Amino acid sequence: MDKDASVRREDILKLLFATPYAELRHRAARITAREKGSHVFVRGLVEFSNVCRRNCRYCGLRAANRQLVRYTLSKDEIMETATEAVTAGADTIVLQAGEYAVPPQWLAGVVDAIRRDLRVPVTLSVGEQPRTACALWKEAGAARFLLKHETADPRLYARLHPGHTLAERLASLRMLRELGYETGSGFMVGLPGQKPESLADDILLARELRVSMCGVGPFIPQADTPLGTRPGGTAALTLRVMAVLRIALPRANIPATTALATVDAVAGQKEGLLAGGNVLMPGFTPPGYREHYRIYDNKNRVDTAAARMAVEAAGRTHTLASPPESEENPAAAGRSMNCSSPPVRARLTDGV
């Protein structure tokens, strides 16, 4: 076993709250370079429906939110959007929606079309679902499934997710692994009621689950939820958690999240990459819909230009297509670290 992957809870707590950040970031960067190389994977996010049956106390998509205009993209709209993402350089399409937003057979048809026509992996992020539906989507070609555990504290989980338990969430994650999915999880930093030491348990749980990807983002309030007036999490602590996560899970894919870019619009994602991240997920949800996908407020809609800037500022490589010469400094043409390849074709991928 990798020595970094065997760190214990007491080691994690020391790293989280006692180790100077510069030392932490340096160690995380060294492990990232050793285990993941310099490449940053780009997952094209398509938020295809904001319909949800749950009432999570922090999420603006909650069923009880009557202020939200609900939508579901058509199959044609999803295909057009996914094509745009692949053409821009995305190596994976992430289809995200609220829980029980669409019929399973319909989504299977969408997955099959993306896999067949665009030849890129499909990741689903659609909440807890029956085994039959997940098996259907796997058969249709979905390779990965993102299902965040949100918090490893069972009591806090139950308070945040009325009528649901952490045990149910973990059972779903294990079921997805049994079906052959590459699984991704994740959690929030700065949740109301979160004990600082529970962040160590989040990291340990992700390792126990053997996830291929784990995302860490700051809690950001949404005004139309019960937690809408609570303070949010900070970029500083989120970056520390990311760095420790990289140390504890050397081989996992770790995204520099959009939430991190929201609390630090100037340098959030660049710093996330320097703290151990190796994935970005720019959004491609069509205008006219994206403002209605309000999990939290003031979301920084990271596009491919912002993703490219973050990757290159961190000194890393990518497959994002270059902008037209008129949109960039002609003198800089050819000096980009862009590793772009022809559009609409399979690209280098490495897990969720």
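Residues numbered from 1 in each chain as written. Predicted model: local features only at pLDDT ≥ 70, side-chain atom pairs only at ≥ 80, totals over all residues. Heavy atoms only, no water.

Some words on the overall build of the chain
Looking only at helices and strands, the chain has 12 helices and 7 strands in total. Judged by the C-alpha coordinates and their principal axes, the chain covers about 50 × 45 × 40 Å. Counting every position in the chain, which comprises 352 residues, the buried fraction comes to 55%. Contacts in the chain between residues at least 24 apart in sequence constitute 76% of all its contacts with a sequence separation of at least 6. For the chain, the accessible surface area stands at approximately 14,300 Å², while carbon and sulfur atoms represent 53% of it. For the chain, the distance from the average site of its 46 positive side-chain charges to the average site of its 37 negative ones is 4 Å. (Helix = DSSP H or I, 4+ residues; strand = E, 2+ residues; numbered from the N terminus. Buried < 20%, exposed > 50% of the residue type's maximum accessible area, 1.4 Å probe, protein only. Contact = heavy atoms within 4.5 Å. Areas by Shrake-Rupley, 256 points an atom, 1.4 Å probe, with all protein chains shown as cover. Lys, Arg positive; Asp, Glu negative; His and termini not counted. Charge placed at Lys NZ, Arg CZ, Asp CG, Glu CD.)

Examining the packing of aromatic side chains
With the rule as written, the count across this model stands at 3 aromatic pairs. Ring geometry for F48 versus W106: centroids 6.3 Å apart, planes at 35 degrees, classification tilted. On the criterion of sequence distance, the pair formed by F48 in strand β1 (residues 41-49) and W106 in helix α4 (residues 104-118) is long-range, its members being 58 residues apart. Since its relative accessible area comes to 0%, F48 is described here as buried. Residue classification places W106 among the partly exposed positions, given a relative accessible area of 28%. Geometrically, the ring pair formed by Y71 and Y289 is tilted, given 5.0 Å between the ring centres and 45 degrees between the ring planes. Taken together, the residues span a long stretch of sequence, with Y71 in the loop between β1 and α3 (75-88) and Y289 in the loop between β7 (279-280) and α12 (304-313) at a distance of 218 residues. (Phe/Tyr/Trp six-rings, centres within 6.5 Å; stacked < 30°, edge-to-face > 60°.)

What about the pattern of salt bridges?
Taken as a whole, this structure holds 20 salt bridges when the rule is applied. One salt bridge in this structure joins D91 and R43, with 2.3 Å as the shortest N-O distance. Of the two residues, D91 sits in the loop between α3 and β2 (92-97) while R43 sits in strand β1, which places them 48 residues apart along the sequence. Both residues of the pair, D91 and R43, count as buried. Three or more residues joined by partner-sharing salt bridges are found here, namely R53, R54, E99, E128 and R169. (Salt bridge = Lys/Arg side-chain N within 4 Å of Asp/Glu carboxyl O.)

Side note on the side chain of T123
You can see T123 is positioned in strand β3 (residues 122-125). Exposure remark for T123: the relative accessible area of 2% places this residue in the buried category. In contact with T123, not counting residues within four places along its chain, are T92, I93, V94, L95, R144, F145, L146 and V352.

Some words on helix α9 (residues 235-248)
Over its 14 residues, α9 runs 20 Å from end to end, which matches the ideal 20 Å to within 8%, given 1.5 Å per residue. Buried residues dominate α9, accounting for 12 of its 14 residues. Every buried residue belonging to α9 is among A235, T238, L239, R240, V241, M242, A243, V244, L245, R246, I247 and A248, and all of these are buried. (Expected span 1.5 Å × (residues − 1).)

What about empty space enclosed by the protein?
Enumeration over the complete set of coordinates arrives at 3 cavities of 30 Å³ or more. Estimated volume of the largest cavity: approximately 890 Å³. If you go around the largest cavity, you meet 38 residues; those closest to its centre are Q96, S125, K148, E150 and I295. For the lining of the largest cavity, the secondary-structure elements that each account for two or more residues are β2, β5 (182-189), β6 (213-218) and α10 (258-263). (1 Å grid on protein atoms, 1.4 Å probe; cavity = no way out; pocket = protein on both sides within 12 Å on 5 of 7 lines; lining within 4 Å. Points joined across faces, edges and corners; volume = space filled by probe spheres on them.)

With respect to the layout of surface pockets
Here the idea is plain: a probe the size of a water molecule rolls over the atoms and shows the empty space left. Computed from the structure, the largest pocket encloses a volume of approximately 320 Å³. In terms of lining, the largest pocket is formed by 22 residues, of which the most central are G283, F284, T285, P286 and R290. Of all elements in the fold, only β1 and α3 reach the threshold of two or more residues within the lining of the largest pocket. Looking at which element gives the most residues to the lining of the largest pocket, the answer is α3, with 5 residues. When its residues are assigned to classes, the lining of the largest pocket shows 8 nonpolar, 6 polar and 8 charged. (Nonpolar A, V, L, I, M, F, W, Y, C, P; charged D, E, K, R; others polar.)

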